[in-house]
Amino acid sequence: MPSAKIGLPIWPHTEKLEKSLAAAWSVGASYVEVSLDYPWIYGLRNEEAKAFRRAVREWGLEVGIHAPWRDVSLASPIREVWEASLGLLIGPVKRVAEDLEAVYLNLHVSTGEYLDSASVRGVAVQAALKALRIILGEYSPIDVAVTVENTPQKGVGDPSFIGTLLDNAPGANLCLDVAHAYAYYARGGEVSTPDALAHWFDSFKGRVKVLHIHDAKRCGPRCFLEHIPPGTGELDWSWLSQKIRGSGADYLLLEVYRDAEGRRITGGVKEYVERVKGWLESG
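Residues numbered from 1 in each chain as written. Predicted model: local features only at pLDDT ≥ 70, side-chain atom pairs only at ≥ 80, totals over all residues. Heavy atoms only, no water.

1. Considering the packing of aromatic side chains
Now for step 1: Scanning the model with the defined rule gives 12 aromatic pairs in all.
Now for step 2: Ring geometry for Tyr 31 against Tyr 104: centres 6.0 Å apart, planes inclined by 70°, an arrangement best described as edge-to-face. Of the two residues, Tyr 31 is situated in strand β2 (residues 31-35) and Tyr 104 in strand β4 (residues 104-107); the sequence distance between them amounts to 73 residues. Both residues of the pair, Tyr 31 and Tyr 104, belong to the buried class.
Now for step 3: Through successive ring pairs, a cluster of aromatic residues spans Tyr 31, Tyr 104 and Tyr 251.
Now for step 4: It is Arg 264 that lies over the ring of Trp 11; its NZ or CZ is 5.4 Å from the centre. (Phe/Tyr/Trp six-rings, centres within 6.5 Å; stacked < 30°, edge-to-face > 60°. Helix = DSSP H or I, 4+ residues; strand = E, 2+ residues; numbered from the N terminus. Buried < 20%, exposed > 50% of the residue type's maximum accessible area, 1.4 Å probe, protein only. Lys NZ or Arg CZ within 6 Å of the ring centre and 35° of its normal.)

2. Observations concerning the packing of helix α5 (residues 118-139) against helix α6 (residues 159-168)
Now for step 1: In the contact formed by α5 and α6, the axes pass within 10 Å of each other and the chain directions differ by 40°. Taken together, the axes of α5 and α6 are oblique relative to one another. Where α5 crosses over α6, the handedness of that crossing is right-handed. When α5 is examined against α6, the residues Arg 121, Val 125, Ala 128, Leu 129, Leu 132 and Arg 133 are found in contact with a partner set consisting of Ser 160, Phe 161, Thr 164, Leu 165 and Asn 168.
Now for step 2: Across the contact of α5 with α6, the residue classes break down as six nonpolar, three polar and two charged. (Axes fitted to C-alpha atoms, helices over the stretch in contact; angles between N-to-C directions. Parallel < 35°, antiparallel > 145°, perpendicular 65-115°, else oblique. Left-handed = near helix turned anticlockwise from the far one by under 90°. Contact = heavy atoms within 4.5 Å. Nonpolar A, V, L, I, M, F, W, Y, C, P; charged D, E, K, R; others polar.)

3. Considering the pattern of salt bridges
Now for step 1: Tallied over the entire structure, the rule returns 17 salt bridges.
Now for step 2: With its nearest N and O atoms 2.6 Å apart, the salt bridge here joins Glu 18 to Arg 54. Taken as a pair, Glu 18 in helix α1 (residues 17-26) and Arg 54 in helix α2 (residues 46-59) lie far apart in primary sequence, 36 residues in all.
Now for step 3: Glu 18 sits in the partly exposed class, given a relative accessible area of 48%.
Now for step 4: Residues Glu 80 and Arg 79 are paired through a salt bridge, measuring 3.4 Å at the closest nitrogen-oxygen approach.
Now for step 5: On the basis of relative accessible area, Glu 80 is assigned to the partly exposed category, the value being 49%.
Now for step 6: Residue Arg 79 is classed as exposed on the basis of its relative accessible area of 53%.
Now for step 7: Sharing partners across several salt bridges, the network here consists of Arg 45, Glu 47 and Glu 48. (Salt bridge = Lys/Arg side-chain N within 4 Å of Asp/Glu carboxyl O.)

4. Examining the nonpolar core
Now for step 1: By size, the foremost hydrophobic cluster in this structure holds 91 residues, and its most contacted members are Phe 52, Leu 105, Leu 107, Leu 197 and Leu 211.
Now for step 2: Considering every element that reaches this core, the biggest residue donor is α5, with 10 residues.
Now for step 3: When sequence neighbours within four positions are dropped, the list of residues in contact with Leu 211 reads Leu 176, Val 178, Phe 201, Ile 244, Ser 247, Ala 249, Tyr 251, Leu 252 and Leu 253.
Now for step 4: Of all hydrophobic cores here, the second largest spans seven residues; its members include Tyr 31, Ala 145, Tyr 251 and Leu 253. (Core = buried A, V, L, I, M, F, W, Y, C linked by side-chain atoms within 4.5 Å.)

5. Remarks on unusual backbone geometry
Now for step 1: For the peptide bond that leads from Tyr 38 to Pro 39, omega is 10°, which places it in the cis range.
Now for step 2: Positive phi is not limited to glycine here, since Glu 101 has a value of about 55°.
Now for step 3: Within the secondary structure layout, Glu 101 lies in the loop between α4 (92-99) and β4.

6. Section: α5
Now for step 1: With 22 residues, α5 ought to run about 32 Å at 1.5 Å a step, and its terminal C-alpha atoms sit 31 Å apart, in line with that.
Now for step 2: On its buried face, α5 is in contact with α3 (79-90), α4, β4, β5 (145-149) and α6. (Expected span 1.5 Å × (residues − 1).)

7. Some thoughts on the state of the cysteines
Now for step 1: Tallied over the full model, the rule gives one disulfide.
Now for step 2: There is a disulfide in this structure between Cys 219 and Cys 223, and the S-S distance comes to 2.4 Å. Of note, the bridge from Cys 219 to Cys 223 carries an S-S torsion of about -60° and is left-handed in sense.
Now for step 3: What makes Cys 219 partly exposed here is its relative accessible area of 47%. (Disulfide = S-S within 2.5 Å.)

In short, the description is geometric, and any link to function would need to be established separately.
Structure, rendered in structure tokens:
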């Protein structure tokens, strides 16, 4: 899997965007994943878009898009909420993806509704499927791959929900967030990394296009601190690195922005980029 691309995340309000892009390239990233949180959902400022285009042209950086997820509910059983959420994805988000020549669009397909009720869950699944199929139809002509990310959220973060979507929406792939998957199961008690993640890798083999890589550690009975550097939490990276190599993923995002104590970090990720490269090259 040496050909997999390693990337770093970029968020709105990034100070000195050009410096951030240059820093990503300098530590060995070959792509960036741009989060279209507000206000970027409505388009980047002219100088910001130019900075991305320069990075693509001069350094060969590719651009992935992480769709907005706060206030967006593509699985909502409430028609008005669902329609508004879908409108954002096939309207302003699509325009940004085209402008930045994005290679993929990553989605949280979720809802805040109570899904323990079978009837509500059934409506949510159908809403999610309909939204995903429409989005695939919109993005396929502009050659943007669509991935669905597992989240730690109950009801929409388990393999059965994601599997239903991917099995019934041809062309969609998985963005497997390893720490989200671990935390989802570990909230119920102690669990090993293989117990939490083996089913994801085995069941979705050949359909994992993007991997989100970060660690997680317990910070309370059902609370986990995520987005910390690999090796600073509870995940077993010896086992996980083998699964990453065999996943067939095209893109590996090092989604780290906190240190092991939860403090925000903005740099110092080179050693972790090198570690991920080592995983890909060994074995």
